[in-house]
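Summary of the model geometry
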Amino acid sequence: MKKPTLNFGSFKQFDKVFITSEKGVDPAQVTSVAFCGETLYIAHADGVSEYADGKIKKLPFNASKLFSVGGKLYAACGNALAEIVKGKAKKIAEFDAPVVDMSLALDGSLWLVTQSNLYLETDGEFVRIVDVPEDTVCLAALDNKSKYGETVYLGSTSEGLLSMKGKRRHWAEMTPDMSGVLSKDIRCAAIDAMGHLWVGTSEGLNIYDGRNYWFNGNDFYSVPDGSFNDMCFTADGKKYFATNTGVITLIEGKISYYSYGAWLMHPTVTQIAVSDSGMIAAVTPEGISLIFSKEMTLEEKAAHYDEMTDKYYNRNEGYHVTRELRKYGDLESGRLLNSDNDGLFTGLYCASQCFRYKVTGDKKAKENAKRAVEAMIKLTEVTGKPGFTARATRYSHEENFGTGNREEWHICEDNPECEWLGETSSDEMTGHYFAYGIYYDLVADAKEKKKIAKVVKTITDHIIENNFHLSDVDGVPTTWANWEPDLLNNDDRWYYERGTNSLEILSFLKTTYHVTGEKKYDDVYEMLIKKHHYAMNCMQYKVEDSHVAHIDDQLDFVNIYPLIVYTDNAAHKEIFKMGLTHHWEYERVERSPFFNVVYGALTENYCDIENAAKSLSEMNLDLIRWPIYNSYRKDIVWDTEQEAMGVPPQLKYPVEYSSRVLVHYDGNPFVCDSGAEKYVNINSKIVNRTAILPGTSGANGMRGMMPYIYLLPYWMGRYYGLLGD
């Protein structure tokens, strides 16, 4: 059965810019923001600044508040109201107190409130209507022609919500005990296009029909509790809210979250403004976030990550590694250090470029793949022990040269300026075999095929000759590179690795047989299946673990690929597909692009390719592991199954990629909060802040994650016809 190809099309790709004190505006002193077109105006203690095209310009006047009303930009300058035109303030009215807010009613009437009075614009002048209570902070006007007088609402932080009524105009209090309003502490208010009043309070959000019906935040399926500090409605009905837990939007009927970390420099948003194009300006105590979007396709996004890889993620000979940042959220400030798994991750990146080359014929992709595979081959050559592969290499010009466990770091015999890391794991070999097979099939010429066959043969011979272990230069088997039948099958300490490591060695042997054509490797494969039931070990190789341990998940999906691709025996394939299907069904909830694409490539079953594409579209463009804060959301569901294993509860269903902790495919996407402790009181007993195996405590905005997490599933999906764009 030929599976249909998903053409995902273009989508809105969101990104952001942080405006901090380094750019000349102290966020702690910002009192108001407003857009005029796409230009942002910022009122702060030192005056007013204009932000456009990434540049800040100080304007020659002061203002306490800014108002974008009816296509015009106004400023409260002391007791005066001014209109801002081309960066200049022109005074148009004078009052007895500072201007607090303005509102354009649905019937076109313009209202204004100062700290002491309410005004209505009449024949070009503002006419006083009635005095106002203390601590008035917001104004929302419906019209000037109501049966019972003008329908105008005020919000006060101490007097609550008030409605103007009667021939003798006065304010009627709408208190929590007499109406549906949530609090007397009103922060913001607005009228929507249907005449409903939306009220932001210290306790949440209300909607009022103007008579007797209230719809509050508790009735929304996912509007958080807590303070709503500001709101902005656009002419086409889109709604934007500033809250103490981030920015919330209500667009196309969907509530979306932009929270601390990837989108904001602090969880509390005090002011919000929206441009004509939908760009959001969100003011926090630590900086202003400009959140914007552009139309993008998955292929265009892949090109973006390809450029990022060239610029930020290629280390030395071509190793694909994470980027450690010296400055919060700044990729330019980063550095590239070796990891324990340089070979694994370089292999995954290499495979992505092989698929890309086969799909597009792009010579740059071929160059990238060749560079990566040559770097991987060097890891086997550098140790001086045939078939034993290093984890990583580094050179004297690198700042961490000469550090680390000196029992495992070794100076190269032929180059004292280079050292290599031993104690190599099974993870490393997984990446090597995966990349070698794919490069051999899709990219290599005849000469390169011989070279790959030679290095693969050497590694596999080393494993077989050392009783299915990697034997380090000291003659001692490494800790995790164990495929020995007696240990895997008969030692309970290897229970969790039994299926994964059985899968690995069968995959390695099939790859070796494929590239060398030597039957002896297939004979060993058959021996492990018939004598030591390694195929049975693979029938359900994933040990269900309450979604706590993820370190082997990526390895399993990497290893199952060549095993099924290179296995000719249909009955054997069915056995391996049993294990794959069980694993994928268990991990399906993650919406992992890589897991879904591998499953779709290897079976005739549907693989949730729509969710794979959706996840790819949600990944943030910078790929920085930002802090995350999600526990305030009402749409999350807690899972307590982990408590039996001594682990705090975590999410039952991971949130969208743009809000989840960014991990590789061996990390825990079920983490709810991580790195937000600086600003948020997080109870570690009920929130899984630091996941285990491996941990995600590094969610601190100081690491760039490797682009293979996008590039490999995208180009593999394209190669197998699962994705069409």
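Residues numbered from 1 in each chain as written. Predicted model: local features only at pLDDT ≥ 70, side-chain atom pairs only at ≥ 80, totals over all residues. Heavy atoms only, no water.

1. A word on the overall build of the protein
In plain terms, the rule: Elements are defined by DSSP. Helices are runs of H or I of four residues or more, strands are runs of E of two residues or more, and each kind is numbered from the N terminus. Accessible area is worked out with a 1.4 Å probe on protein chains only. A residue is then buried under 20% of its type maximum, exposed over 50%, and partly exposed in between. Contacts: residue pairs with any heavy atoms within 4.5 Å of one another.
Along the backbone of the protein there are 14 helices and 40 strands. If one aligns the C-alpha atoms of the protein with their principal axes, the spans along those axes are about 100 × 50 × 45 Å. Across the 725 residues in the protein, those meeting the buried criterion constitute 60%. For the protein, the proportion of contacts with a sequence separation of at least 24, taken over those separated by at least 6, is 59%.

2. Side note on unusual backbone geometry
Phi is positive for H533, which is not a glycine, with a value near 45 degrees. Mapped onto the secondary structure, H533 falls in the loop between α8 (519-530) and α9 (534-537). Accessibility expressed as a relative area gives 35% for H533, which makes it partly exposed. Non-glycine residue R591 carries a positive phi angle of around 55 degrees. With respect to the element layout, R591 can be found in the loop between α11 (570-587) and α12 (593-602). On the accessibility criterion, R591 (13% relative accessible area) is buried.

3. Details of the packing of aromatic side chains
Quick note on the threshold: Pairing of aromatic side chains requires ring centres within 6.5 Å, counting the rings of Phe and Tyr and the six-membered ring of Trp. Pairs whose planes differ by under 30 degrees are stacked, by over 60 edge-to-face, and all others tilted. Geometrically, a lysine NZ or arginine CZ counts as sitting over a ring once it is within 6 Å of the ring centre and also within 35 degrees of the ring normal.
This model, assessed by the stated rule, comprises 38 aromatic pairs. In this arrangement the basic side chain of K239 is found over the ring face of F233, its NZ or CZ atom lying 5.4 Å from the centre. The lysine or arginine in question, R394, covers the ring of W409, its NZ or CZ lying 3.6 Å from the ring centre.

4. Brief notes about a nonpolar patch on the surface
This is how the line gets drawn: Distance thresholds for patches are 9 Å for like charges and 5 Å for nonpolar side chains (Val, Leu, Ile, Met, Phe, Trp, Tyr), applied to residues having over 30% relative accessible area and no salt bridge. Per-residue accessibility takes into account occlusion by the displayed protein chains alone, with areas from the Shrake-Rupley method and a 1.4 Å probe. A pair is scored as a salt bridge if a Lys or Arg side-chain nitrogen falls within 4 Å of a carboxyl oxygen belonging to Asp or Glu.
A cluster of nonpolar side chains, namely Y495, Y496 and M645, defines an oily patch on the protein surface of about 330 Å² accessible area. Looking at the secondary structure, you find Y495 in the loop between α6 (485-490) and α7 (498-516).

5. Remarks on the packing of α11 against α12
As a reminder, the rule being used: Interaxial angles span 0 to 180 degrees and are taken between N-to-C directions of axes, which are lines fitted to C-alpha atoms, for helices over the stretch in contact. Any angle between 65 and 115 degrees counts as roughly perpendicular, while under 35 counts as roughly parallel, over 145 as roughly antiparallel, and the rest as oblique. If you view the pair so one helix is near and one far, a crossing is left-handed when the near helix is turned anticlockwise from the far one by less than a right angle, and right-handed when it is turned clockwise.
Relative orientation of the contacting elements α11 and α12 amounts to 150 degrees, with a least axis distance of 10 Å. Here α12 runs roughly antiparallel to α11, going by the angle between their axes. Note that α11 runs across α12; the crossing there is left-handed. Together, K577, L580, T581, W584 and E587 of α11 and F595, N596, Y599 and L602 of α12 make up the contact between the two elements.

6. Digging into the sheet that holds strand β11 (residues 110-114)
Just so we agree on the cut-off: Should DSSP find at least two bridges between two strands, the strands are regarded as paired.
Read across the open sheet, the four strands follow the order β10-β11-β12-β13; overall the sheet is antiparallel. Strands with a single pairing partner mark the edges of an open sheet, and in this sheet they are β10 (99-104) and β13 (125-131). Shown here is a sheet whose adjacent strand axes are inclined to one another by a mean of 25 degrees, direction ignored. Here five bridges tie β10 to β11, and the two strands are oriented antiparallel to one another. The partner of M102 across the bridge, within β11, is L112.

7. With respect to the pairing of strand β23 (residues 239-243)
Counting buried residues in β23 gives five out of five residues, a clear majority hidden from the surface. Side chains K239, F241 and T243 project from β23 onto one buried face, and the interleaved Y240 and A242 project onto a second face that is buried too. Sheet topology places strand β22 (residues 228-233) next to β23; five bridges connect them, and they run antiparallel. Opposite F233, over in β23, you have K239 as the bridge partner. Counting the residues that bridge the hairpin from β22 to β23 gives five residues, and of these G237 lies at a positive phi of roughly 95 degrees. Relative to strand β24 (residues 246-251), β23 runs antiparallel, the two being bridged by five bridges. Across the sheet, F241 pairs through a bridge with I248, a residue of β24.

8. A closer look at the sheet that holds strand β26 (residues 271-274)
Strand pairing in a sheet relies on backbone hydrogen bonds. The paired strands run either parallel or antiparallel. If you walk across this open sheet you meet the four strands as β1-β28-β27-β26, and the pairing is antiparallel. Taken across any chain shown, the strands that pair with only one partner, and hence form the sheet edges, are β1 (11-19) and β26. Strand-to-strand twist across the sheet, computed as the mean angle between neighbouring axes with direction ignored, equals 20 degrees. Bridge count between β26 and strand β27 (residues 280-284): four bridges; the pairing is antiparallel. Looking at β27, one finds that I272 is bridged to A282. Lying on the sheet, helix α1 (residues 298-313) is in contact with β1 and β28 (287-296); it crosses β28 at an angle near 125 degrees.

9. Some thoughts on the nonpolar core
Rule in force here: Residues enter a nonpolar core if they are buried and are Ala, Val, Leu, Ile, Met, Phe, Trp, Tyr or Cys, with the set joined through side-chain atoms within 4.5 Å.
I560 and F576 are the most contacted members of the largest nonpolar core, which has 132 residues in total. Looking at which element gives the most residues to this core, the answer is helix α4 (residues 426-442), with nine residues. Among residues more than four places away in sequence, those in contact with F576 are L506, Y525, I529, A535, C538, I560, L563, I564 and T567.

10. Observations regarding the pairing of β13
Across six bridges, the pairing between strand β12 (residues 117-122) and β13 is antiparallel. In the sheet register, E121 faces β13, and the bridge partner there is F126. Between β12 and β13, which pair antiparallel and follow one another directly, the connecting turn spans two residues, one of which, D123, has a positive phi of 50 degrees.

11. Re the pattern of salt bridges
Enumeration according to the criterion identifies 39 salt bridges in this entry. Residue D306 is joined to R356 by a salt bridge in which the shortest nitrogen-to-oxygen separation is 3.5 Å. You can see D306 sitting in helix α1 and its partner R356 sitting in helix α2 (residues 342-360), a full 50 residues away along the chain. Within the structure, one salt-bridge network assembled from shared partners comprises E324, R326, R335 and E399.

12. Observations regarding the confidence of the model for the protein
Detailed reading of the predicted model is not advised wherever pLDDT is low. Convention followed: The predictor's confidence in any single residue is recorded as pLDDT, a number from 0 to 100.
Taken residue by residue, the protein gives an average pLDDT of 94. The fraction at 70 or more is 97%. Taken as a whole, residues 688-695 scores under 50 in pLDDT and shows 31 contacts with residues more than four places along the chain or in a different chain.

13. Quick notes on the side chain of T511
Relative to the assigned elements, T511 resides in helix α7. Not counting the four nearest positions on each side in its chain, T511 is found in contact with Y433, G437, P562 and Y566.

14. Digging into α8
Our working rule: Every helix has an expected span of 1.5 Å times one less than the residues it contains. Arc, as used here, means the arc of the directions from the helix axis to the C-beta atoms.
Over its 12 residues, α8 runs 16 Å from end to end, which matches the ideal 16 Å to within 8%, given 1.5 Å per residue. Considered for burial, the residues of α8 that qualify are Y521, D522, V524, Y525, L528 and I529. With its buried residues spanning 155 degrees around the axis, α8 presents them on a single face. In α8, the exposed residues that point more than 90 degrees away from the buried face are K519 and K530.

15. Some remarks on the packing of α12 against helix α13 (residues 609-618)
Selection rule: In this classification, Asp, Glu, Lys and Arg are treated as charged, Ala, Val, Leu, Ile, Met, Phe, Trp, Tyr, Cys and Pro as nonpolar, and every other residue, Gly included, as polar.
Where α12 contacts α13, the axes come no closer than 8 Å and their chain directions differ by 150 degrees. The chirality of how α12 crosses α13 is left-handed. Contacts between α12 and α13 involve P593, N596 and V597 on the former and, on the latter, I609, N611, A612, S615 and L616. Looking at side-chain class alone, the contact of α12 with α13 contains five nonpolar, three polar and no charged residues.

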